[in-house]
Amino acid sequence: LLDGGLEDPTINRNYLQRAANSVERMIHIVEDLQSITMLEAGELELEYDRFDVVALTRDILDSLEMRATEKKIDLILKHAPDEQVFVYADRQRIRQVITNLITNSIRYGKEGGETKIRYNDTGLKVIAEVADTGIGIPDKFLPRIFERFYRVDKGRSREQGGTGLGLAIVKHIVEAHRQTISVMSTEGVGSVFTFTLQKS
């Protein structure tokens, strides 16, 4: 742009959009690095609260609906409109966990597929499940899927965006709540991420 492209209307908007996208990506990387650093150092202070995780999920799905529609992916919450599931956790951090998992399911989902979210009350805990019909993860990569910057398909991951820190952050947040997270996946079929929450 400085070399003359700014005055050329056929390229200036295109290059400015690229620059804006790059800046936005850098902001996400810095924010994610800050989060992962705090989490790994044990400096994250959780603000526990009692809240309805189903209502929280509906709010998250509303915010991601446009992105899912672009890929023709259905977001399905397996709960009745008036159903409530109360947990005791840090609302904003659990929002981050659910958002990251659903965003990944859209990012790596197949066009025309779906993502289903459900919460099961076991009496002592609430088990959260995010299941998609995406590209799946080969068995050999599953043990490393929660490592920072680890990507199963580096080329495709770069095209899809993201920082490579999302699942590492998810795992750290869940473990900071003294809960567990796991994944089951079949290549070409989809993945199911499951984590626990303290029931309230």
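Just above sits the structure.
Parameters and conventions
Residues numbered from 1 in each chain as written. Predicted model: local features only at pLDDT ≥ 70, side-chain atom pairs only at ≥ 80, totals over all residues. Heavy atoms only, no water. Axes fitted to C-alpha atoms, helices over the stretch in contact; angles between N-to-C directions. Helix = DSSP H or I, 4+ residues; strand = E, 2+ residues; numbered from the N terminus. Left-handed = near helix turned anticlockwise from the far one by under 90°. Contact = heavy atoms within 4.5 Å. Nonpolar A, V, L, I, M, F, W, Y, C, P; charged D, E, K, R; others polar. Buried < 20%, exposed > 50% of the residue type's maximum accessible area, 1.4 Å probe, protein only. Polar contact = N/O pair within 3.5 Å; in protein donor to acceptor, adjacent residues only side chain to side chain. Phe/Tyr/Trp six-rings, centres within 6.5 Å; stacked < 30°, edge-to-face > 60°. Lys NZ or Arg CZ within 6 Å of the ring centre and 35° of its normal.

Visitor: Could you clarify how one ought to interpret the packing of helix 2 (residues 53-70) against helix 3 (residues 91-107) in this entry?
Guide: Angle between the axes and distance between the axes are the two parameters that describe a pair of packed helices. Where helix 2 meets helix 3, the axes come as close as 10 Å, and the angle between the chain directions of the two elements is 40 degrees. Every pair of crossing elements has a handedness; the one defined by helix 2 and helix 3 is right-handed. Between helix 2 and helix 3, the contacting residues are Val53, Leu56, Thr57, Asp59, Ile60, Leu61, Leu64, Arg67 and Ala68 on the first element and Arg91, Ile94, Arg95, Ile98, Thr99, Ile102, Thr103 and Ile106 on the second. By residue class, the composition of the contact of helix 2 with helix 3 is ten nonpolar, three polar and four charged.

Visitor: Hey, could you run me through the packing of helix 3 against helix 5 (residues 166-176) in this one?
Guide: In the contact formed by helix 3 and helix 5, the axes pass within 9 Å of each other and the chain directions differ by 145 degrees. With respect to the hand of their crossing, helix 3 and helix 5 are arranged in left-handed fashion. On helix 5, the residues touching Arg93, Gln96, Val97, Asn100, Leu101 and Asn104 of helix 3 are Gly166, Leu167, Ile169, Val170, Ile173 and Val174.

Visitor: Looking at this model, I keep getting lost on the side chain of threonine 196. Mind explaining?
Guide: Summarising the element assignment, threonine 196 is placed in strand 7 (residues 190-198). For threonine 196, a relative accessible area of 13% puts it in the buried group. Of the polar contacts made by the side chain of threonine 196, one reaches the side chain of glutamine 179; its length is 2.7 Å. Excluding residues within four positions of it along the chain, threonine 196 makes contact with Lys125, Val126, Ile127, Gln179 and Thr180.

Visitor: Looking at this structure, how should I read the packing of aromatic side chains?
Guide: We describe a pair of aromatic rings using the distance from one ring centre to the other and the angle between the two ring planes. Under the counting rule described, the total for this entry stands at two aromatic pairs. Seen from the ring of tyrosine 15, arginine 18 lies directly overhead, with NZ or CZ sitting 5.0 Å from the centre. Over the ring of phenylalanine 86 we find arginine 50; its NZ or CZ atom is 3.9 Å from the centre of that ring.

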